[in-house]
Amino acid sequence: MAKEIERKFLVRNDGWRSGAKTKSIFKQGYIASMDDRSVRVRVLDETTARLTIKIGRSAMTREEFEYDIPVADAVQLLDDAIGIVIEKTRYRVPHEGFVWEVDVFSGQHQGLVIAEVELRSESDKPPLPQWLGREVTGDFRYSNQALATEFEHDRHAISHSA
């Protein structure tokens, strides 16, 4: 069983851009969404696709299962996604032994920038880059799941300010 352990922050400024090593364009949507679980479909750079199942309520740790699927299947599933399809560009930014993933949202969440770092254990203490803003780990409003499935309902207003 795979575990996802991560911390998430709003991004204060563009200081991360000079350290970015790679970028990928994502389109992702949710096929199923519940308080403690979700099924997500994601298309990366229009060339590969993955189906992801996440289970768990912990702020930092959840079970995660990912499977490659045909891009055509993913595109069809995105057409039936709950809420909106999230569009973002993800940059990978190494910083003092950890790799930060900085998501720059476009589409309906234009202007939102979130950074997350995956950890080996909940006790890991990654050095925090200066360009990070407020921590939003465990704040469901900033989860991709909420950004996709609750956006149209505007049940949880979010701030783009770090």
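Cut-offs applied
- Think of each chain on its own: its residues are numbered from 1, step by step along the sequence as written.
- Residue-level local features of this predicted model are given only where pLDDT is at least 70; pairs of side-chain atoms are given and counted only at 80 or more, and the full residue set underlies all totals for whole chains, interfaces and linings.
- Excluded from the side-chain calculation are hydrogens and water; included are all heavy atoms of the structure.
- Under the scheme used here, helices are H or I runs from DSSP no shorter than 4 residues and strands are E runs no shorter than 2 residues, and both carry numbers assigned from the N terminus.
- Using a 1.4 Å probe on the protein chains alone, a residue whose accessible area is under 20% of its type maximum counts as buried, one over 50% counts as exposed, and one in between counts as partly exposed.
- Only four residue types enter the charge count, namely Lys and Arg as positive and Asp and Glu as negative; His and the chain termini do not.
- A single reference atom marks each charge: NZ on Lys, CZ on Arg, CG on Asp, CD on Glu.
- Between Lys or Arg on one side and Asp or Glu on the other, a salt bridge is scored when a side-chain nitrogen of the former is within 4 Å of a carboxyl oxygen of the latter.
- For this analysis, a ring pair means two rings from Phe, Tyr or Trp (six-membered ring only for Trp) whose centres lie within 6.5 Å, classed as stacked if their planes differ by under 30 degrees, edge-to-face if by over 60, and tilted for the remaining angles.
- By definition here, charges over rings are those cases where NZ of Lys or CZ of Arg is within 6 Å of the ring centre and within 35 degrees of the ring normal.
- What we call a nonpolar core is a set of buried Ala, Val, Leu, Ile, Met, Phe, Trp, Tyr and Cys residues that are connected through their side-chain atoms within 4.5 Å.
- Contacts are residue-level and defined by heavy atoms, with any inter-residue pair within 4.5 Å sufficient.
- Paired strands, as defined in this entry, are two strands with at least two bridges between them according to DSSP.

Asker: Mind showing me how you'd approach the overall build of the protein here?
Answerer: Helix and strand content of the protein: 2 helices and 9 strands. Along its sequence from the N terminus, the protein presents helices and strands in the succession β-β-β-β-β-α-β-β-β-β-α. Here the C-alpha coordinates of the protein stretch approximately 40 × 35 × 35 Å along the principal axes. Counting every position in the protein, which comprises 162 residues, the buried fraction comes to 42%. Between the centroid of the 23 positive side chains of the protein and the centroid of its 27 negative side chains there is a distance of 4 Å.

Asker: Sorry, what's going on with the pattern of salt bridges here?
Answerer: Close approach of charged atoms allows side chains of opposite charge to pair. Applying the stated criterion across every chain yields a total of 17 salt bridges. Across the salt bridge formed by D103 and K88, the nearest N and O atoms sit 2.9 Å from each other. Taken as a pair, D103 in strand β7 (residues 98-106) and K88 in strand β6 (residues 82-95) lie far apart in primary sequence, 15 residues in all. Each member of the pair, D103 together with K88, is buried. Its salt-bridge partner being D139, residue R141 comes within 2.7 Å of it at the nearest N-O pair. Among the ionic contacts, a cluster of salt bridges with common partners joins K8, K88, R90, R92, E101, D103 and E116.

Asker: Can you help me understand the packing of aromatic side chains in this one?
Answerer: Centre distance and the angle of the planes are the two values used to describe a pair of aromatic rings. Evaluated as defined, the whole model comprises 3 aromatic pairs. An angle of 55° between the planes, with centres 4.9 Å apart, marks the rings of W16 and Y91 as tilted. In this pair, W16 sits in the loop between β1 (3-11) and β2 (22-34) while Y91 sits in strand β6, placing the two residues 75 residues apart along the sequence. The burial state of W16 is the same as that of Y91; both residues are buried. Taking NZ or CZ as reference, R17 lies 5.6 Å from the ring centre of Y91, over its face.

Asker: Would you take a moment to explain the nonpolar core for this structure?
Answerer: One recurring pattern in soluble globular proteins is that nonpolar side chains are buried together. V11, W16, V93, W100, V102, A115 and W131 are the most contacted members of the largest nonpolar core, which has 17 residues in total. Mapped by element, the contributors of at least two residues to this core are β1, β6, β7 and β8 (113-118). Per-element tally for this core: the top contributor is β7, with 4 residues. Sequence-distant contacts of W131, that is, excluding residues within four places in its chain, are made with V11, R12, N13, G15, W16, V93, W100, V102 and A115.

Asker: Is there a simple way to think about unusual backbone geometry in this case?
Answerer: Working note: non-glycine residues mostly have negative phi, and peptide bonds are mostly trans. The phi dihedral of D45 is positive, around 50°, even though this residue is not glycine. Here D45 lies in the loop between β3 (37-44) and β4 (48-55). Even without being glycine, E46 reaches a positive phi, approximately 60°. Relative to the assigned elements, E46 resides in the loop between β3 and β4.

Asker: Can you help me understand the pairing of β4 in this one?
Answerer: Along a regular strand, successive side chains alternate from one face of the sheet to the other. Taken together, the 8 bridges between β3 and β4 define a ladder with antiparallel strand orientation. The partner of L44 across the bridge, within β4, is T48. Linking β3 to β4, which pair antiparallel, is a turn of 3 residues; within it D45 sits at a positive phi near 50°. Note that β4 and strand β5 (residues 61-69) share 7 bridges and pair antiparallel. In the sheet register, R50 faces β5, and the bridge partner there is D68. Remark: 5 residues form the turn of the hairpin made by β4 and β5, two consecutive strands paired antiparallel; G56 in that turn has positive phi of roughly 140°.

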